[in-house]
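Chain residues, written in single-letter form:
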Amino acid sequence: MNASRRGFMSFALASVLSLSCILPAYAEENAVQNYPDSDKTQQMTETADQSSPPEDMQPKAEEKEDDTGNTPADSGGQEDFEFAGGNDSSQTEILMPEGNVSARNDSLDTDGESSIQTGALTITGSGIRNVSIKENQNLARQMDDKIDQEITGAWELSQPISGSYTFTTVFDQDGDYTLYDVSQGSPKELKSFSGNKLSLDVLDLSAFVIARTEVRKEKAVVEENEIQPRAPATATYYLKRPGETSFAQIKQVNSTIGSQVADTLPDDTEAPQTLTYNNQLYMRTLWYDDANLSRVSIFDILHSNAGYYATYVPAVQMTLQNLVNSTDSGALSKSYTYSIAETTNTKAGVIVDDGVQKYPQLTATTNITGNGQVSFYVPLNDSTATSSVEVSVADYSGSGFKQYVRNRNKRLEEQLSSGALEPGISGGWIGDNRLIFVNSHEPYVPQNAYTYGEYTSSKYFGLGMAKLVGPEVIDGALLSVPSPQLNYLNQPDVTIEYPDTIQQTPATSSIQFYAGYPILNYQNREWKYASTPEEQRMNGYYQLNWTQAVLSTGANAGDNRFFKVVGVGTRCYHLDGEITFNPDRNIDIVFKVKEPGGAVTNYPI
């Protein structure tokens, strides 16, 4: 790795390949359609002044008991993470953030400690660089019958950890919690703690649960054929579109306490994920619990009447492309897992459009099979019109893969070496919003290289077709031409098969060969390739000095019409060298003779 690029670092978990980039702002004219000027939109605009949240949606100084005798809990945000819905005695609920979230390594400090993070939890300690973590709602449900406390989260690790670690959450700092080891399938209490941080020693910890210590679950007792009624609750949604100055109510759903909030969400026609306004692409933010967009909604269950808010921010559309360099069918059909996190902090998250999901998320996970790609949207910073995004690919080096990413100079750069994370990338992509990752797996795909010899300034003879083989050398049609060009002639892991080792089929059938290279016609005479030290000193032979092997566009025929012309828009590899013609060597021999009694006479021959 070039040391000069180590300044652009974005550390992540050692089991992921991380990329951070700054993206320029520009309009995506055709990325998505404008939202229609429908009757619904017109009506919404006309009533905007009347669409402020109703009085019963405003924050209250104190909560009143409902008709069941329980105090309705606040709908809650990600910051306080209070899951107080267990007061409803008619059922037992497990309150979890939406979705299973995979983690990445956020930082690596000077003490050798690293951190793994997912959603509401961060673990810091040594020896976890190759460990990944994910939130597991199924595990939480399994532990629900075994732990008589309200479960706030359940997590799994990719491999057991042992040692001293610090667990940091985004839970309520005034709450009391208990950490349980559930690695063996049954809960084992490790330690209770208050607030959002816990430090302790663990042994072979691979799965764990955190529960609220002070919240004891009341098991629902329901008599046969008896249905417990639920109190009513409404979910109201407010949206502020581009060009609008206030939130407008777009949907209100009458439901009941304990029902799933996800069942009440507006659809894409009511709150489009992306739209264009004044030729600028916009994306919708996450849903928030307040009009100031300060607290992200976790969308678990309705505890009481609740209001949710979202707006639109300028965005840019990106393409994440996965390339596979292998002749192995398994590597070509393999699904590669990526996570994408928006780091501009503009409240919008990231939207991945992969046919499965298209909605804002703080961190999105997507799978790409073979040489596939997905589109995603990230917000632009209002003041700088740039965006920062971190893209990570799972570490497959243990399965024989070498992993590369195209850096800001469009050069392929190896990211994982001996399990250590190399620098990520920071910089702009102007006019080409593609992030390219390469997963190379032996055997690699050989790539043809058009071979030329420059015999005078900007004049070339075609010398034949060569082949380049290596983890970085992939199909030129799939990879942008790097600038500056990467010279594969100097890469230790790239093998070059030169033209004299390959059967050649020139476009001009009259071309003759000597020692595997074409016989050249120059200055009205023939020149042969000097393949031995003796021929390198003889007249009528030429020598080659290879200078570069690069990815370029197009291929010329050569002055000897060796190749068929390849259009300039087609990417292909070139192997270039310099031709030196052995000069004729004329030697003058002079004999000197001195006649008896006479002068010296020269007799040149």
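Because the structure is predicted, anything quoted here is derived from the model rather than measured. (Residues numbered from 1 in each chain as written. Predicted model: local features only at pLDDT ≥ 70, side-chain atom pairs only at ≥ 80, totals over all residues. Heavy atoms only, no water.)

> Explanation requested: the pairing of strand 25 (residues 434-441) in the structure shown.
Two faces, one strand: in a regular strand the side chains alternate between the faces of the sheet. Burial analysis of strand 25 places 8 of its 8 residues in the buried class, which makes it a mostly covered element. Neither face of strand 25 is left uncovered, since the one carrying Arg434, Ile436, Val438 and Ser440 and the one carrying Leu435, Phe437, Asn439 and His441 both have all their residues buried. When strand 14 (residues 306-325) meets strand 25, the two strands line up parallel, connected through 7 bridges. If you follow Thr319 over to strand 25, its bridge partner there is Arg434. As paired strands, strand 21 (residues 401-406) and strand 25 are joined by 5 bridges and run antiparallel to one another. Directly across from Lys402, in strand 25, lies its bridge partner Ser440. (Buried < 20%, exposed > 50% of the residue type's maximum accessible area, 1.4 Å probe, protein only. Helix = DSSP H or I, 4+ residues; strand = E, 2+ residues; numbered from the N terminus. Pairing = 2+ DSSP bridges.)

> Looking at this structure, how should I read the environment of Val494?
Looking at where Val494 falls in the secondary structure, it is placed in the loop between strand 27 (459-469) and strand 28 (495-497). Owing to a relative accessible area of 10%, Val494 belongs among the buried residues under this scheme. Not counting the four nearest positions on each side in its chain, Val494 is found in contact with Val469, Gly470, Val473 and Tyr488. (Contact = heavy atoms within 4.5 Å.)

> Looking at this structure, how should I read the pairing of strand 26 (residues 447-456)?
Among the 10 residues in strand 26, 7 count as buried, and that is most of the element. Summarising the sheet, strand 26 and strand 27 pair through 9 bridges and their orientation is antiparallel. Bridge pairing in strand 27 links Thr456 to Lys459. The antiparallel pairing of strand 26 with strand 27 creates a hairpin that spans 2 residues between the two strands, and Ser458 there sits at a positive phi of about 60°. Note that strand 26 and strand 34 (residues 566-581) share 6 bridges and pair parallel. Within the sheet, the bridge partner assigned to Ala449 lies in strand 34 and is Tyr573.

> Explanation requested: the nonpolar core in the structure shown.
What tends to happen in soluble globular proteins is that the nonpolar side chains get buried as a cluster. Of all hydrophobic cores here, the largest spans 24 residues; its most connected members are Leu320, Tyr338, Ile340, Phe376 and Val391. For this core, the secondary structure elements donating two or more residues are strand 14, strand 15 (335-342), strand 16 (350-353), strand 18 (363-369), strand 19 (373-379), strand 20 (386-394), strand 21 and strand 25. Counting 22 residues, the second largest nonpolar core, distinct from the first, contains Ile116, Ala120, Trp155 and Tyr165. (Core = buried A, V, L, I, M, F, W, Y, C linked by side-chain atoms within 4.5 Å.)

> I would appreciate a short explanation of the sheet that holds strand 32 (residues 525-529) in the present structure.
By way of backbone hydrogen bonds, the strands of a sheet pair with one another, either parallel or antiparallel. Spatial strand order, 28-27-26-34-33-32-31: 7 strands in an open sheet with mixed pairing. Of all the strands in the sheet, the pair left with one neighbour each is strand 28 and strand 31 (520-522). In this sheet, adjacent strand axes meet at a mean angle of 45° when their direction is disregarded. Pairing of strand 27 with strand 28, which is carried by 3 bridges, proceeds in the antiparallel orientation. Residue Lys467 lies in a different strand from strand 28, and its bridge partner there is Glu497. (Axes fitted to C-alpha atoms, helices over the stretch in contact; angles between N-to-C directions.)

> Sorry, what's going on with the pattern of salt bridges here?
Side-chain pairing between opposite charges can occur once the charged atoms of the two side chains come close. Evaluated as defined, the whole model comprises 2 salt bridges. Ionic pairing is found between Lys251 and Glu270, a salt bridge with its closest N-O pair at 3.7 Å. Within this pair, whereas Lys251 is found in strand 11 (residues 248-256), its partner Glu270 is found in the loop between strand 11 and strand 12 (274-277), the two being separated by 19 residues in sequence. For the pair Lys251 and Glu270, one class covers both residues: buried. A salt bridge links Asp289 to Arg295; its shortest N-O distance comes to 3.9 Å. Since its relative accessible area comes to 22%, Arg295 is described here as partly exposed. (Salt bridge = Lys/Arg side-chain N within 4 Å of Asp/Glu carboxyl O.)

> Honestly, the confidence of the model for the protein chain in this entry has me stumped. Any pointers?
Parts of the model with low pLDDT should not have their predicted coordinates read in detail. Per-residue pLDDT for the protein chain has a mean of 77; in total, 72% of the residues score no lower than 70. This stretch, residues 1-18, has a pLDDT under 50; its non-local contacts, to residues over four places away or in other chains, come to 78 contacts. Under a pLDDT of 50 for its full length, residues 217-227 has, in the predicted model, 16 contacts with residues more than four places off or in other chains. (pLDDT = per-residue confidence, 0-100.)

> Hey, could you run me through the side chain of Ser339 in this one?
Within the secondary structure layout, Ser339 lies in strand 15. Aside from chain neighbours lying at most four places away, what touches Ser339 is Thr363, Ala364, Thr365, Glu390, Val391 and Ser392.

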